[in-house]
Amino acid sequence: MKEVTFSTIAVIGAGAMGRGIAQIAAQAGSRVKIFDTQPETLASAREAVFSQWDRLEEKGRLSPESVVDNKARLTLADHLSMLHDCDLVVEAIVERLDVKKTLFAELEAIVGPDTVLVTNTSSLSVTAIAAELKRPGRFAGYHFFNPVPLMKVVEVIAGLKTDPAACDGLTRYARQMGHTPVQAQDTPGFIVNHAGRGYGTEALRIVGEGISDFATIDRILKDQAGFKLGPFELFDLTALDVSHPVMESIYRQYFEEPRYRPSVITAQRLAGGMLGRKVGEGFYRYEDGVARITPEPPAPQVTEMPPVWVSPRAARRSELLQLLKDLGAKIETGVSPSPVALTLVAPLGFDVTTVAVVERLDPARTVGIDMLVDDATTRRRVLATNPATRIDMRDAAHALFSRDAKAVSVIRDSGGFVTQRVVANIVNIAADMCQQRVCTPQDLETAVTLGLGYPLGPLAMGDRYGPTNILEVLFNMQTVYGDPRYRPSPWLRRRGAIGLSLMHTEE
Ligand code: NAI
């Protein structure tokens, strides 16, 4: 048998998570005993794990001998007392503080004094679960993600009384199981569920403000910012009966911090049973498991293209001018637009209306374009109208920016475009987590890329778009909305000038 930190472990709770944890622990070389209060669940868990191993053998990922060994190492326990010789107990039962506390109190009377006890809770406080234990030093959080064998990250969470040696052992053991461990303080949402607040929550606010629809926001964030799934596709996959309570729980646990405020949209959809893919209807409708997506309308046909004038204050102005040249636009170079010109602005964080008023531009001919993202790196351009924009001007801008067949979305005016708002929020929440010392910046990046599948860690994302640009988006959005949720974290304000993903001695 391989040398493992914990040679005999128990997994309590044989549901989705317990089975996955049992599988990877046995694969690492530990003897694994599974216990569940439901005998039929226990039996089906063994069958499920065995058939996983059979499949891995068929695919050539496991040798026939190792499958035989793994199966021999996995046994079922019909009573808690059978777990007395385990050196690690992983709890993955129902998410209720009282039930978990009762279980660990019972376990303390069964296992030896050095047995490490861990909870896979995703929303309860590790410190609270350990509050009445006789030996809270050997208790920690060990937070895996679903499906465990494929989601190769685990958060090791120290409660207030956790002995660092317990975390060290768990960290080593995570690596032996082929997972990447990250260390988190016992704070609401730990790392991944906390860092994940910026994405869906801001997308819901954009929908709530009537700026755009679900499908367009999904398209923008995938094509412009490189996310694998749009926020609404992600809600449908996770299901609202899981994700809405997580949003509420983190918001409440942080004493109603406005950054995490959930949305009435998901509350109502949850109440209406539109949970997502698993019930065939969420933000999208599903037929045979496939989302029915209304195709995008084609770009309008414009016979006479007006000349274009670009505001001197536009973000990435020279790139925008080059792009217009490449698209064959007739560019005006005067200090102000001629009476027929399509007037382009490219604000960061400000709305198009405010820019038109401040720059004394004719709002009827003014259209905004999101230039936060380098056009060469995206598959989509995003334009925004203001309430006065003439339809012929909107259509001219849409047609012009579609000339090279790149996709174009037109949204209504808001402080910050879709990508600006969502990216700025992700970066700001991550920066605040660094400020709070929830984890190290390195672990934050690792946990988010592995746990959420983002194209980049949030700090690297901030650097990609420019920390000063992100700060500008947030400062200006704070002005537009007058809302503390867009207040930049002090960590972000300080790092704005030097780069977010640089790791300094302070860390
Ligand atoms: P599940 O509902 O699939 O399985 C829970 C199992 O625990 C059931 O088989 C149930 O019979 C058993 N159980 C309940 N009370 C018990 C007790 N007192 N003693 C022994 N067995 C008991 O739940 P799932 O999804 O596996 O979640 C388990 C834990 O993992 C929860 O704390 C959850 O918050 C956490 N978690 C879940 C994730 C997920 O995506 N499903 C992700 C990360 C953590």
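Residues numbered from 1 in each chain as written. Predicted model: local features only at pLDDT ≥ 70, side-chain atom pairs only at ≥ 80, totals over all residues. Heavy atoms only, no water.

### Describing the overall build of the protein
Quick reminder of the rule: Helical segments are the DSSP runs of H or I of at least four residues, strand segments are the runs of E of at least two, and each set is numbered from the N terminus. Only protein chains enter the accessibility calculation, which uses a 1.4 Å probe; a residue whose area is less than 20% of its type maximum is buried, one above 50% is exposed, and one in between is partly exposed. Whether two residues are in contact is decided by their heavy atoms, any of which lying within 4.5 Å being enough. Computed by Shrake-Rupley with a 1.4 Å probe, the accessible areas treat only the displayed protein chains as cover when residues are assessed. Residues scored as positive are Lys and Arg, those scored as negative are Asp and Glu, and His as well as the terminal groups of each chain are ignored. Working definition for charges: the position is that of NZ of Lys, CZ of Arg, CG of Asp or CD of Glu.
A tally of helices and strands in the protein yields 20 helices and 15 strands. Over its C-alpha atoms, taken along the principal directions, the protein stretches across nearly 85 × 50 × 40 Å. Across the 507 residues that make up the protein, the buried fraction comes to 54%. Considering only intrachain contacts with a sequence separation of at least 6, the fraction spanning at least 24 residues in the protein is 70%. A total of about 21,600 Å² of accessible surface is found on the protein, and carbon and sulfur atoms cover 53% of it. Distance from the positive charge centre (56 side chains) to the negative charge centre (60 side chains) of the protein: 2 Å.

### Overview of the site of the ligand
This is how the line gets drawn: Whether a residue is near a molecule or strand depends on its heavy atoms: if one lies within 4 Å, it is near. Think of a polar contact as two N or O atoms within 3.5 Å of one another; within protein, one of them needs to be a possible hydrogen donor and the other a possible acceptor, and neighboring residues in sequence only count if both atoms come from side chains. For cavity detection a 1 Å grid was placed over the protein atoms alone, and a set of points counts as a cavity when a 1.4 Å probe fits there but cannot get out; an open set counts as a pocket when protein lies on both sides within 12 Å along at least five of seven lines, with lining residues being those that have an atom within 4 Å of a point. Should more than half of a molecule's atoms lie within 2 Å of a pocket's or cavity's grid points, that molecule is taken to sit in it.
Around the ligand, a shell composed of 22 residues is seen, among which M17, D36, E95, K100 and N120 lie nearest. Measuring from an oxygen atom of the ligand, one finds a side-chain N or O atom of N120 at 3.0 Å. For the ligand, whose accessible area on its own is 840 Å², the fraction buried by protein is 73%. Most atoms of the ligand, that is more than half of them, are within 2 Å of grid points of the largest pocket.

### Remarks on the domain arrangement of the protein
Interface extent is often summarised as the accessible area lost during association of the parts. So the rule is basically this: Domain delimitation in this document rests on an assignment produced automatically or drawn from a domain database.
In terms of domain boundaries, the protein breaks down into domain 1 (8–186), domain 2 (194–292) and domain 3 (308–411). In this structure, domain 1 and domain 3 have C-alpha centres spaced 55 Å apart.

### What to know about the layout of surface pockets
Heads up, the condition is: Grid points are joined across faces, edges and corners, and a volume is the space filled by probe spheres set on the points. Lys, Arg, Asp and Glu make up the charged group, whereas Ala, Val, Leu, Ile, Met, Phe, Trp, Tyr, Cys and Pro make up the nonpolar group; the residues left over, Gly among them, are polar.
Each pocket or cavity is described by its volume, and for the largest pocket that value is around 1,500 Å³. As for the largest pocket, its lining consists of 44 residues, of which F145, N146, N193, T238 and V242 are closest to the centre. Elements with a contribution of two residues or more to the lining of the largest pocket: α1 (16–28), α7 (192–195), α8 (197–208), α10 (231–238), α11 (240–253) and α17 (441–452). Counting residues per element, the lining of the largest pocket draws most heavily on α11, at seven residues. Classifying every residue of the lining of the largest pocket by side-chain character gives 23 nonpolar, 16 polar and five charged. For the lining of the largest pocket, the domains that each give at least three residues are domain 1 (8–186) and domain 2 (194–292). Taken as a whole, the second largest pocket encloses approximately 580 Å³ of empty space. Residue assignment for the lining of the second largest pocket shows that the elements contributing at least two residues are α1, α2 (39–58) and α3 (64–73).

### Describing helix α19 (residues 467–481)
Put simply, the test is: Multiplying 1.5 Å by the helix residue count minus one yields the expected span of that helix.
Across its 15 residues, α19 extends 21 Å between first and last C-alpha, which sits within 8% of the 21 Å expected from 1.5 Å per residue. Burial in α19 covers these residues: P467, I470, L471, V473, L474, N476 and M477. Residue G482 follows α19 closely and has a positive phi angle near 55 degrees.

### Overview of the packing of α2 against α3
For the record, the criterion: Working convention: axes come from line fits to C-alpha atoms, limited for helices to the stretch in contact. Angles between N-to-C directions cover 0 to 180 degrees. To sort the angles, those under 35 degrees are grouped as roughly parallel, those over 145 as roughly antiparallel, those from 65 to 115 as roughly perpendicular, and the leftovers as oblique.
The contact between α2 and α3 brings their axes to 10 Å, and the two run at 170 degrees. The angle between α2 and α3 places the two elements in the roughly antiparallel class. Touching F50, W53, D54 and E57 of α2 are P64, V67, N70 and K71, all from α3. In terms of residue class, the contact of α2 with α3 is made up of four nonpolar, one polar and three charged.

### Overview of the side chain of R365
Note that R365 resides in the loop between α14 (352–358) and β13 (366–369). Contact partners of R365, with chain neighbours within four places excluded, come to P337, S338, P339, V340, A341, L342, T343, R390 and M393.

### Thoughts on the pattern of salt bridges
The criterion, for reference: Any carboxyl oxygen of Asp or Glu that lies within 4 Å of a side-chain nitrogen of Lys or Arg is treated as forming a salt bridge with it.
Scanning the model with the defined rule gives 34 salt bridges in all. Between R379 and D223 there is a salt bridge; the shortest N-O distance is 3.2 Å. Taken together, the residues R379 in the loop between β13 and β14 (380–384) and D223 in helix α9 (residues 214–223) connect sequence positions 156 residues apart. A relative accessible area of 15% means that D223 is categorised as buried. D375 is the partner of R381 in a salt bridge, and the nearest nitrogen-oxygen pair spans 2.7 Å.

### Focus: the sheet that holds strand β6 (residues 139–143)
Convention followed: Pairing between strands is defined by DSSP: at least two bridges between them are needed.
If you trace the eight strands from one edge of the open sheet to the other, you get β3-β2-β1-β4-β5-β6-β7-β8, paired in mixed fashion. Whereas interior strands pair on both sides, the edge strands pair on one side only; in this sheet they are β3 (74–77) and β8 (180–185). Taken pair by pair, the neighbouring strands of this sheet meet at an average axis angle of 25 degrees, ignoring direction. Relative to strand β5 (residues 116–119), strand β4 (residues 88–91) is paired through four bridges, and the arrangement is parallel. Bridging across to β5, V90 finds its partner in V118. Lying over the sheet, helix α4 (residues 97–108) contacts β1 (8–12), β4, β5 and β6, oriented at roughly 170 degrees with respect to β5.

### Details of the nonpolar core
Rules: To define a nonpolar core, start from buried Ala, Val, Leu, Ile, Met, Phe, Trp, Tyr and Cys residues and group those joined through side-chain atoms within 4.5 Å.
Ranked by internal contacts, the top residues of the largest apolar core, which has 117 residues, are F232, L320 and F401. Tallying contributions element by element places helix α16 (residues 418–436) first for this core, with 11 residues. Residues in contact with F401, not counting those within four places in the same chain, are L320, L323, L324, L327, L344, I369, R381, L383, K406 and V408. Grouped together as the second largest cluster of nonpolar side chains are 38 residues, A26, V90, V148 and V156 included.

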